[in-house]
Amino acid sequence: LTTTVPSVKLTTARLSALVGTVETLTATLTSGATGSVTFRQGGNLISNCGSNGVVTVAASKAVCLWNPSSSAASPTTLAISYSGDGVYSAGSDSISGYEIFDPIFLTYSDTSTVYGAQTNIAPATISGAGSPSSWEWSIVKTSDSSIVSGISISGGMITVSGNLVAGTYAMT
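Residues numbered from 1 in each chain as written. Predicted model: local features only at pLDDT ≥ 70, side-chain atom pairs only at ≥ 80, totals over all residues. Heavy atoms only, no water.

Bringing the state of the cysteines into the picture now. According to the stated counting rule, one finds one disulfide in the structure shown. The disulfide bridge from Cys-49 ends at Cys-64, spanning 1.5 Å between sulfur atoms. Separated by 15 residues along the polypeptide, Cys-49 in the loop between strand E5 (44-45) and strand E6 (54-56) and Cys-64 in strand E7 (residues 61-66) bring together distant segments of the chain. Residue classification places Cys-49 among the buried residues on the basis of a relative accessible area of 1%. Judged by its relative accessible area of 1%, Cys-64 is buried. (Disulfide = S-S within 2.5 Å. Helix = DSSP H or I, 4+ residues; strand = E, 2+ residues; numbered from the N terminus. Buried < 20%, exposed > 50% of the residue type's maximum accessible area, 1.4 Å probe, protein only.)

Here the focus is the sheet that holds strand E3 (residues 23-29). Pairing in this open sheet of three strands is antiparallel, and the strands run E1-E3-E7 from one edge to the other. Each edge of the sheet is formed by a strand with only one pairing partner; in this case those strands are strand E1 (8-12) and E7. Mean inter-strand twist for the sheet, computed between neighbouring axes without regard to direction, equals 15°. Of the pairings in the sheet, the one linking E3 to E7 comprises six bridges and is antiparallel in character. (Pairing = 2+ DSSP bridges. Axes fitted to C-alpha atoms, helices over the stretch in contact; angles between N-to-C directions.)

Moving on, we come to the pairing of strand E9 (residues 91-101). In this structure, strand E2 (residues 16-18) lies alongside E9, joined through three bridges in parallel fashion. Paired with Leu-18 across the strands is Phe-101, a residue of E9. Pairing of strand E8 (residues 76-82) with E9, which is carried by six bridges, proceeds in the antiparallel orientation. Within E9, the position partnered with Ile-80 by the bridge is Asp-93.

Right, let's talk about the environment of Ser-70 for a bit. Turning to its location among the elements, Ser-70 is positioned in the loop between E7 and E8. Looking at Ser-70, the relative accessible area reads 37%, which means it is partly exposed. Between the C-alpha atom of Ser-70 and that of Val-19, which follows or precedes it by 51 residues, the distance is 5.8 Å. Not counting chain neighbours up to four residues away, the residues in contact with Ser-70 comprise Val-19 and Ile-100. Engagement of the side chain of Ser-70 in a polar contact is seen with the backbone nitrogen of Ala-72, the distance being 3.0 Å. (Contact = heavy atoms within 4.5 Å. Polar contact = N/O pair within 3.5 Å; in protein donor to acceptor, adjacent residues only side chain to side chain.)

Just distances and angles here, no functional claims.
Printed below as a string of structure tokens:
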């Protein structure tokens, strides 16, 4: 029995991962391929993907929703191995140098401002690592923990494009 060599490609949704945040790993195969894909990080099975790291191929793809639990092995290698089927032979792909970062926790001294007034605040890093350019921010209403929409943060300036009701808000 002769089989065809398939195209096997591993991609990630982001260039790096954050501990405790779900990262999407996608194995894309030649159209029509069936079988299964095994996902590994640093040579170890990613146990929360499919059945102990093995995901069944559907529509020539296998998707793993991976939640890294530690940055200790960073940078690491992510790898997939395709089982093959009656038409396509086994194959593999990998991404090396993939970085995993711990979350960064910041504190601010008590700061309040009046809408329309500019207030500069300087965060103090409690723990974590990473580049400030990759940080994602949100504004949360303290009383109900709802994320406030219509707010952008750029160059240290917070801009509100909608109406906010009176209350206490936290930047996270």
